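# Examination of the molecular architecture
Residue strings, one per chain:
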Amino acid sequence: MSNICHAFENGKAFIAFITCGDPDLETTAAAVRAAAANGADLIELGIPFSDPTAEGPVIQGANIRALQGGVTTDKIFDLVRELRRDVTIPLVFMTYANVVFSYGADRFLSACRDIGIDGLILPDVPYEEKEEFLPQCRQYGIDLISLIAPTSHNRVAMIAREAEGFLYIVSSLGVTGTREEIRTDLASIVEVVRQNTQIPCAIGFGISTPEQARQMAGLSDGVIVGSAIIKILEKYGTQAPPYIGEYVKSMKEAIS
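Overview of the structure. (Residues numbered from 1 in each chain as written. Predicted model: local features only at pLDDT ≥ 70, side-chain atom pairs only at ≥ 80, totals over all residues. Heavy atoms only, no water.)

## Observations concerning the environment of Leu219
Put simply, the test is: To qualify as a helix, a DSSP run of H or I must reach at least 4 residues; to qualify as a strand, a run of E must reach at least 2; elements of each kind are numbered from the N terminus. Any residue under 20% of the maximum accessible area for its type is buried, any over 50% is exposed, and the rest in between are partly exposed; the area is computed with a 1.4 Å probe on protein chains only. Here, residues are in contact when the closest pair of their heavy atoms is within 4.5 Å.
Take Leu219: it is sitting in helix α9 (residues 210-219). Judged by relative accessible area, which is 30%, Leu219 ranks as partly exposed. Distance from Leu219 to Ser50, taken between C-alpha atoms, is 34 Å for residues 169 residues apart in sequence. Filtering out sequence-adjacent residues up to four positions away, Leu219 remains in contact with Leu186, Ala187, Val190, Arg194 and Ile203.

Here is the structure:
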């Protein structure tokens, strides 16, 4: 069993997403530590990509700012190496297939193992194409985390049966971003997941308020929040980490 299971041992998991290098890597490090200190059970670290197809304007903006600031995959590996001196919660990378391909999948995943990354999320790799990366992920002990979308329909059971780490359930159609209301029938998706795997599932896309987090945690094993955290980084820049800590604390309390 992977390290990711520990994220779900303290009740409902709060999973925070942070784009690496927005506005700089020092702020990213401080934001990760603030989130971990205030109740985040797992952190998704976004490796910036020039064409992040799953992302809405908020996270796209973070990607652009990070890339313009000179962030590279190697610098992010160095960041994680430094974080692992004191950050013990599970960490996963979220990025796109091209980032891994261009670096070299074997080289990328062996580096993930060496620096202490526990999982990998590739939103542009559908279930049917995961064999492109699965052998190397297994070789280096990295969970390849699957996504289930509202459009997955009759594929939900199949994806759930082969899931690793945790299942990322996408709450709504479209791209990432905060939403006033989540209308998808998530309860029926989670029911199929529960029938087919014991791997925990967490709901992401559109969650920003404590009330939304409470609702989604009532259906699943945890919640994933990205855009709302990136908005704090966009607003406060290098001064954002304490505000991120306060926000994470309020969200974790809402689901506890």
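## Some thoughts on the packing of α9 against helix α11 (residues 241-255)
Just so we agree on the cut-off: All axes are obtained by fitting lines to C-alpha atoms, using only the stretch in contact for helices, and the reported angles, taken between N-to-C directions, cover 0 to 180 degrees. Here is the rule for angles: anything less than 35 degrees is roughly parallel, anything more than 145 is roughly antiparallel, 65 through 115 is roughly perpendicular, and the remaining ranges are oblique. Whether a crossing is left-handed or right-handed is set by the direction in which the near helix is turned from the far one by less than a right angle, anticlockwise for left-handed and clockwise for right-handed. Residues are grouped as follows: Ala, Val, Leu, Ile, Met, Phe, Trp, Tyr, Cys and Pro are nonpolar; Asp, Glu, Lys and Arg are charged; every other residue, Gly included, is polar.
As a packed pair, α9 and α11 sit with axes 8 Å apart at the nearest point and diverge in direction by 40 degrees. As far as their axial angle goes, α11 and α9 are oblique. Handedness of the crossing formed by α9 with α11: right-handed. Listed contacts from α11 to Pro210, Ala213, Arg214 and Ala217 of α9 are Ser250, Met251, Ala254 and Ile255. Here the residues of the contact of α9 with α11 sort into six nonpolar, one polar and one charged.

## Some details on the sheet that holds strand β8 (residues 201-204)
By definition, the strands of a sheet pair up through backbone hydrogen bonds, in either a parallel or an antiparallel sense. As a reminder of what qualifies: DSSP-based pairing: two strands are paired if at least 2 bridges between them are found.
Pairing within the open sheet is parallel, and its nine strands lie in the order β5-β4-β3-β2-β1-β9-β8-β7-β6. Only two strands of the sheet have a single partner each, and these edge strands are β5 (143-145) and β6 (147-148).

## Digging into the state of the cysteines
What counts, and what does not: In what follows, a disulfide is any cysteine sulfur pair within 2.5 Å.
This model, assessed by the stated rule, comprises zero disulfides. Between Cys201, a free cysteine, and Cys5, which holds the nearest cysteine sulfur, the sulfur-to-sulfur gap is 15 Å.

## Quick word on helix α1 (residues 25-37)
Put simply, the test is: One fewer than the residue count of a helix, multiplied by 1.5 Å, yields its expected span.
Along its 13 residues, α1 runs 18 Å from first to last C-alpha, staying within 8% of the 18 Å computed at 1.5 Å per residue. By the burial criterion, the buried members of α1 are Leu25, Thr27, Thr28, Ala29, Ala31, Val32, Ala34 and Ala35. Check the buried side of α1 and you find it contacts β1 (13-19), β2 (42-46), α3 (73-83), α10 (227-236) and α11. Phi turns positive, to about 115 degrees, at Gly39, one or two residues after α1.

## Overview of the packing of helix α2 (residues 57-68) against α10
Two elements in contact, α2 and α10, have axes separated by 9 Å at closest approach and are oriented at 50 degrees. Classified by the interaxial angle, the pair formed by α2 and α10 is oblique. Viewed along their axes, α2 and α10 form a crossing whose handedness is left-handed. Contacts between α2 and α10 pair Val58, Ile59, Ala62 and Arg65 from the former with Ser227, Ile230, Lys231 and Glu234 from the latter. A breakdown of the residues in the contact of α2 with α10 according to their chemical character gives four nonpolar, one polar and three charged.

## Details of the packing of aromatic side chains
Inclusion rule: When two rings of Phe, Tyr or Trp (its six-membered ring) have centres within 6.5 Å they constitute a pair, described as stacked for plane angles under 30 degrees, edge-to-face for angles over 60, and tilted for the intermediate range.
Counted by the stated rule, this structure contains 10 aromatic pairs. With 6.0 Å between their ring centres and 45 degrees between their planes, Phe8 and Phe166 make a pair best called tilted. Separated by 158 residues along the polypeptide, Phe8 in the segment before β1 and Phe166 in the loop between α7 (156-161) and β7 (167-170) bring together distant segments of the chain. Phe8 gets classed as buried once you look at its relative accessible area, which sits at 15%.

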